[in-house]
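# Descriptive structure summary
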Amino acid sequence: MTVAAANQTIPEPADIRFEGVTKSFGSVTALDDVSVSFAPNKINVLLGLSGSGKSTMLRHINGLHKPTQGDVWTLGTPVHSAGQSAMRRLRNNVGMIFQQFHLVESSSVLENVCTGQLGSLRGPRFGLWSYPRAVREAAMDQLARVGLADKAFQRAGSLSGGQQQRVAIARALIQRPTVLLADEPVASLDPVSSAGVIELLTQISREENLTVICSLHQVQIALSFADRIVGLNAGRVVLDRSAAGMTHDDVDGIYAAEPVDQRLAMAV
Ligand SMILES: Nc1ncnc2c1ncn2[C@@H]1O[C@H](COP(=O)(O)OP(=O)(O)O)[C@@H](O)[C@H]1O
Ligand SMILES: [Mg+2]
């Protein structure tokens, strides 16, 4: 065996891989040469200030954005070049929840959960009873899981924020995803509801062996939730480490007013 071969590192299996990804919106560089990968079955938190690129990163994973430069691979699909049908297949394996829940407030809780199956059903659906019985039953199972079976026939808009986010989690889970994306899932919630939602996400992620990528801006919540923290500052990855043993200096680096390399340049 040659020395070069012996030293070759074997890449770890990854569900998601960013390779040299830059994303520009006009003159704004939202992501700047990001290379990072996410291993299966881990809870990963993207931590950074507002505007640091967290949502943009998440939206590349399920193809809501395509990179300006570079490649994104999700569950073996080349998101940067995939066509519509490949993206549809991929999205059935990637659930997403949002800060603002994105429920249809005038529809029942149960119907909202059923809509999580639309990607696998043919044709449009109008009303709860237009879903196959098996889908309605699966939706009830997911609602029971998030502790809201008794709310199934209430209007989604009548629930509290924490309950609405639980409905959104049930809607994401009904498609049995491999990857769960969560974009600031507790930013609109009070501290008690936030803690409940994070606890639920942790429990379900472990039970389902999900690969979770969750953006947050609260350090304490991130540390309690994550296996691994990826820090973003002005579109660049400035920290990538396990959540255990994070130091104050690590956190300061993420929240520095300027990107770390600019600060170093200024210091020289
Ligand atoms: N669709 C868009 N059009 C123009 N600029 C955008 C768009 N999405 C994000 N940006 C810009 O990209 C940067 C990163 O945004 P974002 O990913 O939303 O950050 P975060 O989620 O960390 O708050 C910001 O400067 C934001 O204004
Ligand atoms: Mg955001």
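Relevant structure appears above.
The model shown is predicted, which means the values in this text are computed figures rather than measured ones.

## Section: the overall build of the chain
- Regarding its fold elements, the chain presents ten helices and ten strands.
- For 268 residues, the compact-globule estimate of 2.2 N^0.38 gives 18 Å, and the C-alpha radius of gyration of the chain, at 20 Å, lies within 12% of that figure.
- Structurally, the chain occupies a C-alpha span of about 65 × 45 × 40 Å along its principal axes.
- Evaluated residue by residue, the chain yields a buried proportion of 46% over its 268 residues.

## Some details on the sheet that holds strand β5 (residues 77-78)
- Here we have four strands laid out as an open sheet, ordered β2-β1-β4-β5, and antiparallel in their pairing. Edge positions in the sheet fall to β2 (28-38) and β5, since each of these pairs with one other strand and no more.
- Across two bridges, the pairing between strand β4 (residues 69-74) and β5 is antiparallel. Looking across to β5, one finds that Thr74 is bridged to Thr77.
- Contacting β1 (16-25), β2 and β4, helix α2 (residues 54-61) runs over the sheet at an angle of about 125° to β1.

## Side note on the pairing of strand β9 (residues 228-233)
- With six of its six residues buried, β9 lies for the most part within the structure.
- Where burial is concerned, the two faces of β9 agree: the one with Arg228, Val230 and Leu232 and the one with Ile229, Gly231 and Asn233 are both buried.
- Two elements, strand β3 (residues 43-47) and β9, share four bridges in a ladder whose sense is parallel. Its bridge partner being in β9, Val45 is matched across the sheet by Ile229.
- Pairing analysis gives six bridges linking β9 to strand β10 (residues 236-242), with the strands arranged antiparallel. The partner of Arg228 across the bridge, within β10, is Ser242.
- Counting the residues between successive antiparallel strands, the hairpin from β9 to β10 contains two residues, one of them, Ala234, with a positive phi of roughly 50°.

## Overview of the pattern of salt bridges
- Taken as a whole, this structure holds ten salt bridges when the rule is applied.
- Residues Arg236 and Asp32 are paired through a salt bridge, measuring 3.9 Å at the closest nitrogen-oxygen approach. With Arg236 in strand β10 and Asp32 in strand β2, this residue pair connects regions lying 204 residues apart in the sequence.
- Residue class for Asp32 comes out partly exposed when judged on its relative accessible area of 29%.
- Between Arg145 and Glu207 there is a salt bridge, with its nearest N and O atoms 2.9 Å apart.

## Considering the side chain of Arg228
- Note that Arg228 resides in strand β9.
- In this structure Arg228 comes out as buried when scored by relative accessible area, which is 17%.
- Ignoring anything within four residues of it in the chain, the contact list for Arg228 reads Val36, Ser37, Phe38, Ile43, Asn44, Val45, Asp240, Arg241, Ser242 and Ala243.

## Some words on the pairing of strand β6 (residues 94-98)
- The buried fraction of β6 amounts to five of the five residues, a majority that puts the element mostly inside the structure.
- Taking every second residue as pointing to the same face, both faces of β6 are buried, with Val94, Met96 and Phe98 on one and Gly95 and Ile97 on the other.
- The sheet contact formed by β6 and strand β7 (residues 179-183) spans five bridges and is parallel. Of the residues in β7, the one forming a bridge with Ile97 is Ala182.

## A short note on the packing of helix α6 (residues 161-173) against helix α7 (residues 191-208)
- Contact geometry of α6 with α7 gives a least axis separation of 9 Å together with a crossing angle of 20°. Taken together, the axes of α6 and α7 lie roughly parallel to each other. As α6 runs across α7, the sense of the crossing is right-handed. Of α7, the residues touching α6 (which contributes Gly162, Gln165, Arg166, Ile169 and Leu173) are Ser193, Gly196, Val197, Leu200, Leu201 and Ile204.
- A breakdown of the residues in the contact of α6 with α7 according to their chemical character gives six nonpolar, four polar and one charged.

The rules behind the values
- The numbering scheme is per chain: residues are counted from 1 as the chain's sequence reads.
- Chain letters start at A and ligand numbers start at 1, both assigned in the order the entries are written.
- Only residues with pLDDT of 70 or above have their local features reported here, since the model is predicted, and side-chain atom pairs are shown and tallied only from 80 upward, although totals for entire chains, interfaces and linings are computed over all residues.
- Hydrogens are left out, water is left out, and the side-chain values use all remaining heavy atoms of the structure.
- A run of DSSP states H or I qualifies as a helix once it reaches four residues; a run of E qualifies as a strand once it reaches two. Both are numbered from the N-terminal end.
- Based on C-alpha atoms, the radius of gyration is set beside the globule rule, defined as 2.2 Å times the residue count to the power 0.38.
- A 1.4 Å probe rolled over the protein chains alone gives each residue an accessible area, and that area as a share of the maximum for its type sets the label: buried under 20%, exposed over 50%, partly exposed in between.
- Strands pair, by our definition, only if DSSP identifies at least two bridges between them.
- In this analysis, two residues are considered to be in contact whenever any of their non-hydrogen atoms come within 4.5 Å of each other.
- Working convention: axes come from line fits to C-alpha atoms, limited for helices to the stretch in contact. Angles between N-to-C directions cover 0 to 180 degrees.
- The working definition used for a salt bridge is a side-chain nitrogen of Lys or Arg within 4 Å of a carboxyl oxygen of Asp or Glu.
- To sort the angles, those under 35 degrees are grouped as roughly parallel, those over 145 as roughly antiparallel, those from 65 to 115 as roughly perpendicular, and the leftovers as oblique.
- Less than a right angle of anticlockwise turn of the near helix away from the far helix marks a crossing as left-handed, whereas a clockwise turn marks it as right-handed.
- Three categories are distinguished: nonpolar for Ala, Val, Leu, Ile, Met, Phe, Trp, Tyr, Cys and Pro, charged for Asp, Glu, Lys and Arg, and polar for the others, with Gly belonging to the last.

Interpretation in functional terms is not warranted from these geometric data alone.
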